[in-house]
Amino acid sequence: MKYVIFIPDGASDLPIDELDGKTPLQVAKTPNIDKLAENGFGGFTNNVPDGYTPGSDVANMSIFGYNPAEYYTGRGPLEAGSVGIKTTPRDVIFRCNTITEKDDMMDDFNAGHITSEEAAVLMDALNEYFNEKYDDFRGKFYAGISYRHLFVYSCESDEDAELLANLDTVPPHDISGKSLTEYTSWSEDLEIKMRDIMYEAQEVLKDHEVNLKRIDEGKAPANMVWFWGQGLTPKLSDFKETYGLSAAVITGVDLLKGIGIFANMDIIDVPGATGFFDTDYKAKGEYGIEALKTHDVLFIHIEAPDEAGHAQLIDEKVKAIERIDEFIVGPVMESLEGQDFKAAILPDHPTPISIGTHTRDDIPLVVYASGRTGDGCTSFDEEGVKTGSIEKQEGYKLMSRLINEF
Ligand SMILES: [Zn+2]
């Protein structure tokens, strides 16, 4: 038995006036997805547990078969996993922005979109400085892309790690123009240490030649680092041990690769998968077909509809859904013809055009099982699945339901 789970990120929506009160999923021409719906089962589900923000990381963790309430430890750790940084249970992994500080204010949370090359020099300078100054410095900076980096702090005990993981840090993009002192006024020893590192880094960065050059060129200097979004190394169980099936993931998004890596799935890198509108849909479909020859389960995630939702571009969203149908769902389904297989299609969360960001509303779900007659569900969209029979349950149960119920 093969399993394929199509994830058009953020595809579900609210009725849109310009589409005569319909949604992009309703309007898009999707003959292949329609076939799944007409011969399959429909219903609603929700991948975001109460109390969690509806991020793609949390929502896709559910789709991959893991309860975020049990396994989610933050974005920082998933990003570290995705770029191959090995961490231990006593490591606390922070996201680390290079920011522009001015008069104790968050002047620019991305330091003028500093280049990765410049930022890498600054991260190196910080590691060098702290390691030279302190014999026992327990932290390490890891350069990432543009202003997005990581900082890993290795605690002396499990208790310390737990405490630091719960430090009240704030996303830098939420405090533009606000006082930095106010958001770093922590009280305990370890917490003060984090603040000290941030401010000591500022001393190193503010006169660094990279920044002097940027100031000369009229650009914002990356004169400070900001720690946030931290967490412990997630302890996802091995997917194969949990479900008895080998799994592969195709996605252009690092956070999702991170989940796959922690669950010991195979990450299939597709050339041209950008995580944006211009992603190479055809290549994703072709690599998906190949992956299904050697794996029992394939998660194939496409970010484009979500990006269109954020950009509030109706046509782009409709087009993204149509391309997913034509170049991914169609070819993959055709390649499975004659085999025993089950397919599911669902977004991780809605990204309504009118709102421009994720919501925690329920999402439509269609499941198809070869050799079985469906339940009268008419189409894969916010209306069509209402006639379906799938009972709504927590999203993370979908994987075991796919195996056992359909
Ligand atoms: Zn999004």
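One numbering rule holds for all chains: residues counted from 1, following each sequence as written. Whole-chain, interface and lining totals are the exception, using all residues; otherwise, since this is a predicted model, local features are given only for residues with pLDDT of at least 70 and side-chain atom pairs are given and counted only at 80 or more. Only hydrogens and water are removed before side-chain values are computed, so all heavy atoms of the structure are retained for them.

The protein chain has the name phosphoglycerate mutase (2,3-diphosphoglycerate-independent) in an unreviewed UniProt entry, where Methanobrevibacter millerae is given as its organism. The UniProt entry for the protein chain carries the following text under Catalytic activity (unreviewed entry): "(2R)-2-phosphoglycerate = (2R)-3-phosphoglycerate". UniProt positions are given in the numbering used here, feature names are shortened, and annotations may be inferred rather than shown by experiment.

**Student:** Where do I start with helix α3 (residues 56-63) in this structure?
**Tutor:** Owing to its 3.6 residues per turn, the α-helix brings residues three or four apart onto one side. We call a residue buried when its accessible area falls under 20% of the maximum for its residue type, exposed when it is over 50%, and partly exposed in between, using a 1.4 Å probe and counting protein chains only. Numbering of helices and strands runs from the N terminus, with a helix taken as a DSSP run of H or I at least four residues long and a strand as a DSSP run of E at least two residues long. Across the eight residues that make up α3, a large majority, eight, are buried. By the burial criterion, the buried members of α3 are S56, D57, V58, A59, N60, M61, S62 and I63. The criterion used for residue contact is that any of the two residues' heavy atoms lie within 4.5 Å. Looking at the buried side of α3, the elements it contacts are β1 (2-8), α4 (68-71), α5 (75-82), α11 (254-262) and β10 (297-302). Two residues or fewer after α3 comes G65, characterised by a positive phi angle close to 100°.

**Student:** Whenever I open this one, helix α9 (residues 209-216) confuses me. Can you help?
**Tutor:** Buried within α9 are the following residues: V210, N211 and R214. Axial view of α9: buried residues confined to an arc of 90°, hence all on one face. In α9, the exposed positions angled more than 90 degrees off the buried face are occupied by E209, K213 and D216. The secondary structure elements touched by the buried residues of α9 are α6 (116-133) and α8 (189-206). Downstream of α9 by a residue or two, G218 has a phi angle that is positive, lying close to 80°. The directions from the helix axis to the C-beta atoms form the arc being described.

**Student:** Please explain the packing of aromatic side chains as it appears in this structure.
**Tutor:** The description of an aromatic ring pair uses the distance of the two centres, along with the angle that the planes make with each other. When two rings of Phe, Tyr or Trp (its six-membered ring) have centres within 6.5 Å they constitute a pair, described as stacked for plane angles under 30 degrees, edge-to-face for angles over 60, and tilted for the intermediate range. Taken as a whole and judged by the stated rule, the model has 19 aromatic pairs. Considering the side-chain rings of F94 and F227, the 5.4 Å spacing of their centres and the 45° angle between planes classify their relative orientation as tilted. Here F94, found in strand β3 (residues 91-102), pairs with F227, found in strand β7 (residues 224-232); they are 133 residues apart in sequence, far enough to count as distant. On the basis of relative accessible area, F94 is assigned to the buried category, the value being 0%. F227 sits in the buried class, given a relative accessible area of 1%. Residues F151 and F227 carry aromatic rings whose centres are separated by 4.4 Å and whose planes lie at 10° to one another, so their mutual orientation is stacked. Remark: F227 occurs in strand β7 and F151 occurs in strand β6 (residues 148-154); sequence separation between them is 76 residues.

**Student:** Where do I start with the pattern of salt bridges in this structure?
**Tutor:** The rule for a salt bridge is simple: a side-chain nitrogen of Lys or Arg has to be within 4 Å of a carboxyl oxygen of Asp or Glu. Enumeration according to the criterion identifies 16 salt bridges in this entry. Two residues, E118 and R214, come together in a salt bridge whose shortest N-O distance is 2.8 Å. Of the two residues, E118 sits in helix α6 while R214 sits in helix α9, which places them 96 residues apart along the sequence. When its relative accessible area of 18% is taken as the criterion, E118 is described as buried. A salt bridge links K397 to E394, with the nearest nitrogen and oxygen atoms 2.9 Å apart. Taking the relative accessible area as the measure of exposure, K397 reaches 27% and is therefore partly exposed. Given a relative accessible area of 42%, E394 falls into the partly exposed group. Linked by salt bridges that have partners in common, K213, E217 and K219 make up one network.

**Student:** I'm lost on the nonpolar core in this one. Help?
**Tutor:** Proteins that are soluble and globular tend to have nonpolar side chains buried together. One finds V4, F6 and L36 to be the most contacted residues of the largest nonpolar core, which totals 42 residues. Among the secondary structure elements, those contributing two or more residues to this core are β1, α2 (31-38), β8 (247-250), α12 (281-294), β10, α14 (314-336), β11 (341-345) and β12 (363-369). When residues no more than four places from it in sequence are discounted, the contact partners of V4 are L292, L298, I300, V332, L336, K342, A343 and A344. Among buried residues, the Ala, Val, Leu, Ile, Met, Phe, Trp, Tyr and Cys ones that are joined through side-chain atoms within 4.5 Å form a nonpolar core. Among the nonpolar cores identified, the runner-up in size contains 41 residues, and I114, F141, I197 and M224 belong to it.

**Student:** Can you help me understand the pairing of β6 in this one?
**Tutor:** A regular strand places its side chains on the two faces of the sheet in alternate fashion. Burial within β6 is extensive, with five of its seven residues counted as buried. Pairing between strands is defined by DSSP: at least two bridges between the two strands are required. Across seven bridges, β3 lies against β6 in antiparallel orientation. Among the inter-strand pairings, V92 is bridged to a residue of β6, identified as Y153. The pairing of strand β5 (residues 139-145) with β6 spans five bridges and is classified as antiparallel. When the bridges of β6 are listed, I145 appears paired with R148.

**Student:** Help me understand the layout of surface pockets, please; the structure alone is not making it clear to me.
**Tutor:** Rolled over the atoms, a probe sized like a water molecule indicates the empty space that remains. Within this scheme a cavity is a closed region of a 1 Å grid, computed over the protein atoms alone, that accommodates a 1.4 Å probe without allowing it to escape, whereas a pocket is open but has protein on both sides within 12 Å along at least five of seven lines; lining residues each have an atom within 4 Å of a point. Grid points are joined across faces, edges and corners, and a volume is the space filled by probe spheres set on the points. Empty space within the second largest pocket amounts to approximately 240 Å³. Lining the second largest pocket are N32, K35, L36, N39, G330, P331, M333, E334, E337, G338, F341 and Y368. Taken together, the elements giving at least two residues each to the lining of the second largest pocket come down to α2 and α14. Here the lining of the second largest pocket is composed, by residue class, of five nonpolar, four polar and three charged. Under the convention adopted here, Pro, Cys and the residues Ala, Val, Leu, Ile, Met, Phe, Trp and Tyr are nonpolar, Asp, Glu, Lys and Arg are charged, and Gly plus all remaining residues are polar.

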